[in-house]
Amino acid sequence: METKRIVIDPTDIDASAISVAAAIIREGGLVAFPTETVYGLGADALSSQAARKIYAAKGRPSDNPLIVHISRREDLFTVARDIPVWAERLADAFWPGPLTMILWKSDRVPPETTGGMETVAVRMPDHPVALRLIEESGRLIAAPSANTSGRPSPTTAEHVMCDMEGRIPMVLDGGAVGIGIESTIVDLTEQVPMILRPGYITREMLREALGTEVCVDPGIIAADSGQKPKAPGMKYRHYAPRAELVIVEGDTDRVVARINRLAAERQTRGEKTGILATDETRSLYRADYIRSIGARSDEDAIARHLYQLLREFDDLAVDVIYSESFATPRIGHAIMNRLLKAAGHQVITVEKDG
Ligand code: TXA
Ligand code: MG
């Protein structure tokens, strides 16, 4: 299958491009499109057959449910039932935006879309191309991130083409996304709202909007908690680069010294090394490839560049990547959740005397 990549300006959307893409969705086909978080791989959310095509194109396990993307608030009632007032408050505060809510599913949603679960994930994306595609298609669009299962989520149309070329008919290329990590997922079917995946919308922001306590799924906090994450997708070793990835944390000077020593050791063994640094530190390192994720103070830039750099190190075929830690104040929790998973939780903490 030939994959058409159609460039589309989000500030001046070409109606004919959207209408071709919308027709593909209506006919039960797949279209990759930009959202504010990452690129999604969309299909008609209420069609079992269309949903099955998503799993096939991604090589995704069929027990890992999809997020339903909507463009109008009232569509919540099409996909969910027994909707708590919490959902209204969160929609008021954060939609359209990078927040996914887990609610009890309605009978309209086929089991393929929810991976057989009784709940459904819903979000209204904050991207003009995504919203226009949903509207024009007249459908609700189920969309996981548009990567091959196990690879970092795509933040550009090039990334989507790398993974999906030949597997899907169309990619809408709206340029690089704004946020760069996937939406926050909050489960509203529990006694207390529970974050199943951290993202740009933080626990504090949810607390404030709801006026109530919000907890975090214990299954995602520590790798060794022994508890299974409630979002099936969080149990996979996602976002994994092909190289070994090791995070080194501690005081900057010591981190730099330790990473340089470790990289030198690996180079003497004939291995290719990569370092994930910041603007402040990049000139202090020695390795085969050194990349800056952005300024340490600019956490939005760190989030936006993370997946792109993991993909770049894959392309460079490095054997090992050493990364600084990015436990920044606001979205650091979300960034480190992705980075720790990519590293298979390999972290070296440099002690004061070390
Ligand atoms: O930002 C995003 O959320 C992007 C864009 C494209 O919208 N989408 C995305 O989808 O990240 P995906 O499929 O890569 O991740 C969806 C996550 C998975 O971890 C899945 O297990 C979880 O949401 N999920 C979906 N439905 C669920 C449900 N009913 N209960 C618990 N977890 C659910
Ligand atoms: Mg994904």
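Look up a bit, the structure's there.
The notes below deal with the structure included here. For every chain, the first residue of the written sequence is number 1, and numbering continues from 1 onward in sequence order. Chain letters and ligand numbers both follow the written order, the letters beginning at A and the numbers at 1. With pLDDT at 70 or above as the cut-off, local features in this predicted model cover only qualifying residues; side-chain atom pairs require 80 or more to be listed or tallied, and sums for whole chains, interfaces and linings still use all residues. The side-chain figures draw on all heavy atoms in the structure; neither hydrogens nor water molecules are used.

### What to know about the overall build of the protein
Link 1 in the chain: When helices and strands are tallied, the protein shows eleven helices and 17 strands.
Link 2 in the chain: To get the radius of gyration, use the C-alpha atoms; to get the globule rule, take the number of residues to the power 0.38 and multiply by 2.2 Å. Relative to the 2.2 N^0.38 estimate, which gives 20 Å for 354 residues, the radius of gyration of the protein is 20 Å and therefore close to what a compact globule would have.
Link 3 in the chain: Once the C-alpha set of the protein is aligned to its principal axes, its extents read approximately 60 × 50 × 35 Å.
Link 4 in the chain: Sequence-distant contacts, at least 24 apart, represent 69% of the contacts inside the protein between residues at least 6 apart.
Link 5 in the chain: Shrake-Rupley sampling with a 1.4 Å probe provides the accessible areas, and residues are treated as covered by the protein chains on show and by no other component. A total of about 14400 Å² of accessible surface is found on the protein, and carbon and sulfur atoms cover 49% of it.
Link 6 in the chain: Neither His nor the chain ends is counted toward charge; the positive residues are Lys and Arg and the negative residues Asp and Glu. A single reference atom marks each charge: NZ on Lys, CZ on Arg, CG on Asp, CD on Glu. Of the charged side chains in the protein, 42 are positive and 50 negative, and the gap between their average positions amounts to 4 Å. A run of DSSP states H or I qualifies as a helix once it reaches four residues; a run of E qualifies as a strand once it reaches two. Both are numbered from the N-terminal end. Throughout, a contact is declared for two residues whenever any of their heavy atoms are within 4.5 Å.

### Comments concerning the side chain of Asn337
Link 1 in the chain: Relative to the elements of secondary structure, Asn337 occurs in helix α11 (residues 332-342).
Link 2 in the chain: Accessibility here uses a 1.4 Å probe with only protein chains present; expressed as a share of the type maximum, an area under 20% marks a residue as buried, one over 50% as exposed, and anything in between as partly exposed. Residue Asn337 is classed as buried on the basis of its relative accessible area of 10%.
Link 3 in the chain: Those residues in contact with Asn337 that sit more than four places away from it in its chain are Pro198, Ile220 and Met234.

### Here's the deal with the site of ligand 1
Link 1 in the chain: In the vicinity of ligand 1 lie 29 residues, with Thr37, Asn64, His69, Ser183 and Gly233 positioned nearest.
Link 2 in the chain: The side chain of Asn64 places a nitrogen or oxygen atom 2.6 Å from an oxygen atom of ligand 1.
Link 3 in the chain: When isolated, ligand 1 has an accessible area of 690 Å², and the protein chains bury 99% of it.
Link 4 in the chain: No other element matches the four residues that strand β7 (residues 119-123) contributes to the shell around ligand 1.
Link 5 in the chain: For the shell around ligand 1, the class distribution of residues is 16 nonpolar, eight polar and five charged. Distances are taken per atom, and a residue is near a molecule or strand as soon as one of its heavy atoms is within 4 Å of it. Each polar contact in these results corresponds to two N or O atoms within 3.5 Å; when the atoms are within protein, one needs to be able to donate a hydrogen and the other to accept it, and residues that are neighboring in sequence are counted only if both atoms are side-chain atoms. Each residue is assigned to one class: nonpolar for Ala, Val, Leu, Ile, Met, Phe, Trp, Tyr, Cys and Pro, charged for Asp, Glu, Lys and Arg, and polar for all the others, Gly among them.

### Examining unusual backbone geometry
Link 1 in the chain: Residue Pro96 is bonded to the preceding Trp95 through a cis peptide linkage, with omega at -10°.
Link 2 in the chain: In this fold, Pro96 is placed in the loop between α4 (85-94) and β6 (99-105).
Link 3 in the chain: Positive phi outside glycine occurs at Asp82, with the angle close to 50°.
Link 4 in the chain: Mapping Asp82 onto the fold places it in the loop between β5 (80-81) and α4.
Link 5 in the chain: With phi around 60°, His345 is a residue other than glycine that occupies positive phi space.
Link 6 in the chain: Locating His345 in the fold gives a position in the loop between α11 and β17 (347-349).
Link 7 in the chain: Assessed through its relative accessible area of 35%, His345 is described here as partly exposed.

### A look at the pattern of salt bridges
Link 1 in the chain: Only one rule defines a salt bridge in this text: a Lys or Arg side-chain nitrogen within 4 Å of an Asp or Glu carboxyl oxygen. Within the structure shown, the criterion is met by 26 salt bridges.
Link 2 in the chain: In this structure, the salt-bridge partner of Arg72 is Glu74, at a minimum N-O distance of 3.9 Å.
Link 3 in the chain: Given the relative accessible area of 43%, Arg72 is considered partly exposed.
Link 4 in the chain: By relative accessible area, which is 46% here, Glu74 ends up partly exposed.
Link 5 in the chain: Several salt bridges converge on common partners, so that one network encompasses Arg151, Asp163, Arg311 and Asp314.

### Focus: the side chain of Thr278
Link 1 in the chain: Residue placement: Thr278 occurs in the loop between β14 (273-277) and β15 (289-292).
Link 2 in the chain: Residue class for Thr278 comes out buried when judged on its relative accessible area of 0%.
Link 3 in the chain: A distance of 3.4 Å separates the side chain of Thr278 from the side chain of Glu324, its partner in a polar contact.
Link 4 in the chain: Setting aside residues up to four positions removed in sequence, Thr278 forms contacts with Ser292, Ile293, Gly294, Arg296, Glu324 and Phe326.

### A short note on the sheet that holds strand β13 (residues 244-249)
Link 1 in the chain: Following DSSP output, two strands are said to pair if at least two bridges run between them. An order of β15-β14-β16-β13-β17 is seen for the five strands of this open sheet, with the pairing classed as parallel. Two strands close off the open sheet at either side, each with one partner strand: β15 and β17. Each adjacent strand pair in this sheet contributes to an overall mean axis angle of 20°, direction not counted.
Link 2 in the chain: In terms of strand pairing, β13 meets β17 through three bridges, oriented parallel. Paired with Val248 across the strands is Ile348, a residue of β17.
Link 3 in the chain: Each of β13, β14, β16 (320-324) and β17 is contacted by helix α9 (residues 252-268), which is oriented at about 180° to β16, the strand it contacts most.
Link 4 in the chain: Running at roughly 130° to β13, α11 makes contact with β13, β14, β16 and β17 of the sheet. Note on definitions: angles span 0 to 180 degrees between N-to-C directions of axes, and those axes are lines fitted to C-alpha atoms, for helices only across the stretch in contact.

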